[in-house]
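Residue-level structural notes
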Amino acid sequence: ADQFKEIQDAVINQVLLNTLPNKQFRIASAWTVYGEENSYHSIHNHNTPDTQAVATVLYLDVPKQPTVNQPGAFYYVYQDEHGVNQTGHILPEKGTLIVMPVHLYHGAYPQAKGTRQTLNMDFEYYEI
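The following paragraphs examine the structure supplied in this document. (Residues numbered from 1 in each chain as written. Predicted model: local features only at pLDDT ≥ 70, side-chain atom pairs only at ≥ 80, totals over all residues. Heavy atoms only, no water.)

1. So, the sheet that holds strand 7 (residues 105-108)
In a beta sheet, neighbouring strands pair by backbone hydrogen bonds and run either parallel or antiparallel. Condition: Here, any two strands with at least 2 DSSP bridges between them count as paired. Runs of E in the DSSP output that reach at least two residues are strands. Runs of H or I that reach at least four are helices, and both are numbered from the N terminus. Axes here refer to lines fitted to C-alpha atoms; in helices the fit is confined to the stretch in contact. Angles between the N-to-C directions go from 0 to 180 degrees.
Strand order in the open sheet formed by four strands is 2-7-4-5, with antiparallel pairing between adjacent strands. Strand pairing shows two members of the sheet lacking a second neighbour, strand 2 (41-44) and strand 5 (85-90), which therefore form its edges. Between one strand and the next, the sheet's axes are offset by a mean angle of 15°, whatever the strand orientation. Strand direction decides the pairing type here: strand 4 (residues 74-79) and strand 5, joined by six bridges, are antiparallel. The residue bridging Y78 from the neighbouring strand is Q86, located in strand 5.

2. Topic: the pattern of salt bridges
Heads up, the rule is: Whenever a carboxyl oxygen of Asp or Glu lies within 4 Å of a side-chain nitrogen of Lys or Arg, that contact is scored as a salt bridge. Partly exposed residues are those whose accessible area sits between 20% and 50% of the maximum for their type, while under 20% is buried and over 50% is exposed, using a 1.4 Å probe and protein chains only.
Under the counting rule described, the total for this entry stands at three salt bridges. Of the charged contacts, one joins K5 and D9 as a salt bridge, the two residues approaching to 3.1 Å between their closest N and O atoms. With K5 and D9 both in helix 1 (residues 2-19), this residue pair falls four residues apart, about one helical turn. Residue class for K5 comes out partly exposed when judged on its relative accessible area of 44%. Between K23 and E127 there is a salt bridge; the shortest N-O distance is 2.9 Å. Separated by 104 residues along the polypeptide, K23 in strand 1 (residues 23-35) and E127 in strand 8 (residues 116-127) bring together distant segments of the chain. Classification of K23 as buried rests on a relative accessible area of 15%.

Here it is as structure tokens:
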């Protein structure tokens, strides 16, 4: 519990307050996900109606993966300046923290051998 509180406070104080200043953050939900060979996450978002929030994914452990074209990459879908859907990819390493709006659709491709563990935290925020 103490280690979780330390991580939560670090994400708020070192990342979120720098990204969204003059906001007050409250953790809305948190969970961990373990993945083994061939596990994946279908495309989804964390959108909560009528709530201002951000989603975070902290990679606690990842299988060794040399390039984005390897299994297990984090992917997301966004609209470019012309309103056309585009896909981006992130090849996370241990310690990678991804921060995104809760409405952003994202997932993870099936992974290679090894263990992937993430700590997922959604934070609501309010004007100070």
